[in-house]
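Structure at a glance
Below are the chains, spelled out letter by letter.
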Amino acid sequence: MAASPELRAAEALAAARLAHSVVLVEGPSDQVAVATLAVRRGRDLEAEGVAIVPIGGATSIGRFLDLLGPDGAGLRLAGLCDAAEERHFRRGLERAGLGRHLTREQMERRGFHLCVADLEDELIRALGVAAVEAVVHDAGERAALRTFRQQPAQQGRSPEQQLHRFIGTRSGRKVEYARLLVERLDLARAPRPLDGVLSHV
């Protein structure tokens, strides 16, 4: 069962007590991706006092900015969201007093970055189809991917679109592949939004 907004807020405050910086992300797959990239970059976020907090969707950003931002705990903040949710993050930042009429570039300067179109899309583009397929095969899902691609709904879709959909078809798969794909990244090609939030905290 999904955590309630109240429970997520309580967990965020608990994390904040041990942190001086917080990265706000939409969900657990984003949390895992950022944490995994941090390790690959040689960072120990816990030792550095940095917490990564999933907020349960972009529409909750205002609540968490109120709790952790200038009018709350006063922590250094960064954030990551999908491009489709940009308006929610912008509105939340402006309401929290972190700017007015913010452009995407201004949001980035404040540490808030957008995935285009989402985390999975960023990782598939950074790795390429062949590398993502190799990760799927190494995870023991070669047959599952083959069966999935034979479904009528997948005909006519590009390999990238098929992989994107496949990653989201089973509970827990997005989180699992967030870790596996980031572990396979060439760090020189790491998605800019992921490196962007880490560079801010």
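Above: the structure in question.
Residues numbered from 1 in each chain as written. Predicted model: local features only at pLDDT ≥ 70, side-chain atom pairs only at ≥ 80, totals over all residues. Heavy atoms only, no water.

Let's talk about the overall build of the protein chain
How we decide: Each helix is a run of H or I in the DSSP string that is no shorter than four residues. Each strand is a run of E no shorter than two, and both are numbered from the N terminus. In this setup the radius of gyration rests on C-alpha atoms only. A globule is expected at 2.2 Å times the number of residues raised to 0.38. Whether two residues touch is decided by their heavy atoms; if any such pair falls within 4.5 Å, the residues are in contact. Values of accessible area rely on a 1.4 Å probe in the Shrake-Rupley scheme; residue burial ignores everything except the protein chains shown. Charge assignment: positive for Lys and Arg, negative for Asp and Glu; neither His nor the chain ends contribute. Here the site of a charge means NZ on Lys, CZ on Arg, CG on Asp, or CD on Glu.
Counting its secondary structure elements, the protein chain contains twelve helices and four strands. A compact globule built from 201 residues should have a C-alpha radius of gyration of about 17 Å, and the protein chain, at 17 Å, falls within 12% of that. Pairs at least 24 residues apart make up 75% of the contacts formed inside the protein chain by residues separated by at least 6 positions. Accessible surface computed for the protein chain: about 9900 Å², of which carbon and sulfur atoms make up 50%. Here the protein chain holds 28 positive side-chain charges and 27 negative ones, and the gap between their average locations is 2 Å.

Considering the environment of Glu141
Where we set the bar: Exposure classes here rest on a 1.4 Å probe applied to the protein chains alone. A residue is buried below 20% of its type maximum, exposed above 50%, and partly exposed in between. By the criterion applied in these results, polar contacts are pairs of N or O atoms within 3.5 Å in which, for protein atoms, one can donate a hydrogen and the other can accept it, and in which residues neighboring in sequence qualify only through two side-chain atoms.
Among the structural elements, Glu141 can be located in the loop between helix H8 (129-138) and helix H9 (142-149). Residue class for Glu141 comes out buried when judged on its relative accessible area of 10%. Other than its neighbours up to four places away in sequence, Glu141 contacts Val136, Phe166, Arg170, Arg173 and Tyr177. Of the polar contacts made by the side chain of Glu141, one reaches the side chain of Arg170; its length is 3.4 Å.

Observations regarding the side chain of His88
With respect to the helices and strands, His88 occurs in helix H5 (residues 86-95). For His88, a relative accessible area of 15% gives the class buried.

Side note on unusual backbone geometry
It is generally the case that most residues other than glycine have a negative phi and that most peptide bonds are trans. Geometrically, the link from Val116 to Ala117 is a cis peptide bond, its omega value of -5 degrees lying close to zero. Residue placement: Ala117 occurs in the loop between strand E4 (112-115) and helix H7 (119-127). For His101, which is not a glycine, the phi torsion comes out positive at approximately 50 degrees. As for its position among the elements, His101 is in the loop between H5 and helix H6 (104-109). For His101, a relative accessible area of 65% gives the class exposed.

Let's talk about the packing of aromatic side chains
Note the following rule: A pair of Phe, Tyr and Trp rings is counted when the ring centres sit within 6.5 Å of each other, with Trp represented by its six-membered ring. The angle between the planes then sorts it: under 30 degrees is stacked, over 60 is edge-to-face, the rest tilted. Two conditions define a charge sitting above a ring: the NZ of Lys or the CZ of Arg must be within 6 Å of the ring centre, and it must be within 35 degrees of the ring normal.
The tally for this structure, following the rule as stated, stands at two aromatic pairs. In this structure, Arg173 is placed above the aromatic ring of Phe166, and the distance from its NZ or CZ to the ring centre is 4.0 Å.

As for helix H4 (residues 61-68)
Residues lying three or four places apart along an α-helix face the same way, a consequence of the helix completing one turn every 3.6 residues. Which entries qualify depends on this criterion: Arc definition: directions from the helix axis to the C-beta atoms.
All of the buried residues in H4 are Ile61, Gly62, Phe64, Leu65 and Leu68. Projected onto a plane normal to the axis of H4, the buried residues spread over an arc of 165 degrees and lie on a single side.

Here's the deal with the sheet that holds E4
Rules: We call two strands paired when DSSP finds no fewer than two bridges between them. In this description, a line fitted to the C-alpha atoms serves as the axis of each element, helices being fitted only across the stretch in contact, and the angle between N-to-C directions of two axes falls anywhere from 0 to 180 degrees.
Spatially, the four strands line up as an open sheet ordered E2-E1-E3-E4, and their pairing is parallel. Both outer strands of the open sheet, strand E2 (50-54) and E4, are each paired with one neighbouring strand and no more. Taking the axes of each pair of neighbouring strands and ignoring which way they run, one obtains an average angle of 15 degrees across the sheet. With five bridges joining them, strand E1 (residues 21-25) and E2 adopt parallel strand pairing. In the sheet register, Leu24 faces E2, and the bridge partner there is Val53.

So, the environment of Arg142
Within the secondary structure layout, Arg142 lies in helix H9. Classification of Arg142 by relative accessible area gives partly exposed; the value is 45%.

With respect to the layout of surface pockets
A probe matching the size of a water molecule, rolled over the atoms, marks out where space remains unfilled. The criterion, for reference: Using protein atoms alone on a 1 Å grid, points that fit a 1.4 Å probe yet trap it form a cavity, whereas open point sets bounded by protein on both sides within 12 Å along at least five of seven lines form a pocket; residues with an atom within 4 Å of a point count as lining. Grid points are joined across faces, edges and corners, and a volume is the space filled by probe spheres set on the points. Charged means Asp, Glu, Lys or Arg here, nonpolar means Ala, Val, Leu, Ile, Met, Phe, Trp, Tyr, Cys or Pro, and polar covers whatever is left, Gly included.
Of the voids in this model, the largest pocket is the one considered here, and its volume is about 300 Å³. Along the walls of the largest pocket sit 15 residues, with Leu45, Glu46, Val50, Ala51 and Ile52 positioned nearest its centre. Of all the secondary structure elements, the ones that give two or more residues to the lining of the largest pocket are helix H2 (28-40), helix H3 (45-48) and E2. Among the residues making up the lining of the largest pocket, the classes are represented as ten nonpolar, two polar and three charged. Counted as a void, the second largest pocket has a volume near 190 Å³. In this structure, the second largest pocket is lined by Glu26, Gly27, Pro28, Ser29, Asp30, Gly57, Asp82, Asp118, Leu119, Glu120, Lys174 and Val175. When residues of the lining of the second largest pocket are traced back to their parent elements, those giving at least two are H2, H7 and helix H11 (173-184). Looking at the lining of the second largest pocket, the element that brings in the most residues is H2, giving three residues. When its residues are assigned to classes, the lining of the second largest pocket shows three nonpolar, three polar and six charged.

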